[in-house]
Amino acid sequence: MRKFALYALLLLVTTLSVNAQRSPNDVDEAYEKENVFGIVKATNGGLISGIFYRHSKTLGPRDLSHIAFEAVNIKHPRESRVNTVTGSSFVYGKSNYLVALRPMYGREKILFRKAPQQGARISGLVAVGPSIGMEIPYYVELGGSRKEQYDPNNQGHSPGFISGKAGPFRGIGESSFVLGGFAKASLTFETNSTKQKVFGFEVGFTVDAYTREINILPLADNQSVFTAAFLAIYFGKRR
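Notes on the sheet that holds strand β10 (residues 162-165)
What links the strands of a sheet is backbone hydrogen bonding, and the strands pair in either a parallel or an antiparallel sense. In spatial order, the strands read β9-β8-β10; together these three strands make up an open sheet with antiparallel pairing. Edge positions in the sheet fall to β9 (147-149) and β10, since each of these pairs with one other strand and no more. Within this sheet the neighbouring strands show an average axis-to-axis angle of 35°, counted without direction. Alignment of strand β8 (residues 139-142) against β10, held across three bridges, turns out to be antiparallel. Residue pairing for β10: V140 is matched across the bridge by K165.

Put into structure tokens, the structure is as follows:
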């Protein structure tokens, strides 16, 4: 999380110096709507933690509102991967995935505007909404091509009997849903955006809070609140 914060601070200082050199007449190109898609890397997720879509509308020269949807995988902080003799791997002790589905409403404030066709724009963004947690069974592959949800009380599920994980989509039809809430605060940085196209990245912090503990690792201290720093890259169109 410190690396994310330091990176954001360096970008902010660099962009401030660039903006300080612009004339007062430098402005963004006008637009009314924006649609972007992106990928997310969070400190409590994998290499690619999730994906998102955001639709924004302008409310004024520097203000926007948006609705968005994210789907991200959240890991337990004590997860560790074990390699097997078959060359496969699995997370020992894991009984469930947690996938957070986040519909949200947010507001965006343009802090520094960009000159047409050059420079960078910085915006501050906040969003809130429900967080629907999908507790998806984590299946492991055993001898004889058997696939079962990991159970710490089953002696047949000790590491020596497991040849790998059974795949991320097995068991999705057996998911349990847990209702919660979500909040996000972030900064967006756009460098090559125009009236028609947008490209940028976003850094910030998120929190998901659920009505009960999520049973990811049965033998570990599970929790109902998950916080993370994140970095997202996005692209899309404006009109």
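Quick look at the nonpolar core
Soluble, globular proteins show a tendency: their nonpolar side chains are buried together. If you look at the biggest cluster of nonpolar residues, it comprises twelve residues: F90, V91, Y97, V99, L101, M134, I136, Y138, V140, L142, Y150 and I162. Looking at this core, the elements with two or more residues in it are β5 (89-91), β6 (96-112), β7 (121-137) and β8. The contacts of I136, once residues within four sequence positions are left out, are S95, N96, Y97, V99, G171, I172 and S175. Membership of the second largest hydrophobic core comes to eleven residues, among which are V72, A100, V178 and L217.

Side note on the layout of surface pockets
In this structure, the largest pocket encloses a volume near 230 Å³. In terms of lining residues, the largest pocket is bounded by 14 residues, among which N73, K94, Y97, K165 and P168 are the most central. Its residues assigned to classes, the lining of the largest pocket shows eight nonpolar, one polar and five charged. There is about 160 Å³ of room inside the second largest pocket. For the second largest pocket, the full set of lining residues is R78, S80, Y92, G93, Y150, L217, L219 and A220. In terms of residue class, the lining of the second largest pocket is made up of five nonpolar, two polar and one charged.

Quick word on the sheet that holds β6
With respect to topology, eight strands assemble into a closed barrel ordered β1-β2-β3-β6-β7-β11-β12-β13, the strand pairing being antiparallel. Ignoring which end each strand starts from, the neighbouring axes of this sheet average 25° apart. Direction of pairing for strand β1 (residues 33-42) relative to strand β13 (residues 225-238): antiparallel, over a ladder of nine bridges. Looking across to β13, one finds that I39 is bridged to I233.

Focus on the pattern of salt bridges
This model, assessed by the stated rule, comprises 14 salt bridges. Put simply, K94 and E79 hold a salt bridge, and the shortest N to O gap is 3.1 Å. Remark: E79 occurs in the loop between β3 (63-74) and β4 (81-83) and K94 occurs in the loop between β5 and β6; sequence separation between them is 15 residues. The burial state of K94 is the same as that of E79; both residues are buried. Notably, a salt bridge pairs R121 with E190, separated by 3.3 Å at the nearest N-O pair. Taken together, the residues R121 in strand β7 and E190 in strand β11 (residues 176-190) connect sequence positions 69 residues apart. Look at R121 and you get buried, because its relative accessible area is 1%. A network of salt bridges, in which partner residues are shared, links R54, E70, R102, K184, E202 and D208.

Rules and cut-offs
Residues numbered from 1 in each chain as written. Predicted model: local features only at pLDDT ≥ 70, side-chain atom pairs only at ≥ 80, totals over all residues. Heavy atoms only, no water. Pairing = 2+ DSSP bridges. Helix = DSSP H or I, 4+ residues; strand = E, 2+ residues; numbered from the N terminus. Axes fitted to C-alpha atoms, helices over the stretch in contact; angles between N-to-C directions. Core = buried A, V, L, I, M, F, W, Y, C linked by side-chain atoms within 4.5 Å. Buried < 20%, exposed > 50% of the residue type's maximum accessible area, 1.4 Å probe, protein only. Contact = heavy atoms within 4.5 Å. 1 Å grid on protein atoms, 1.4 Å probe; cavity = no way out; pocket = protein on both sides within 12 Å on 5 of 7 lines; lining within 4 Å. Points joined across faces, edges and corners; volume = space filled by probe spheres on them. Nonpolar A, V, L, I, M, F, W, Y, C, P; charged D, E, K, R; others polar. Salt bridge = Lys/Arg side-chain N within 4 Å of Asp/Glu carboxyl O.

Keep in mind these numbers describe shape, not what the thing actually does.
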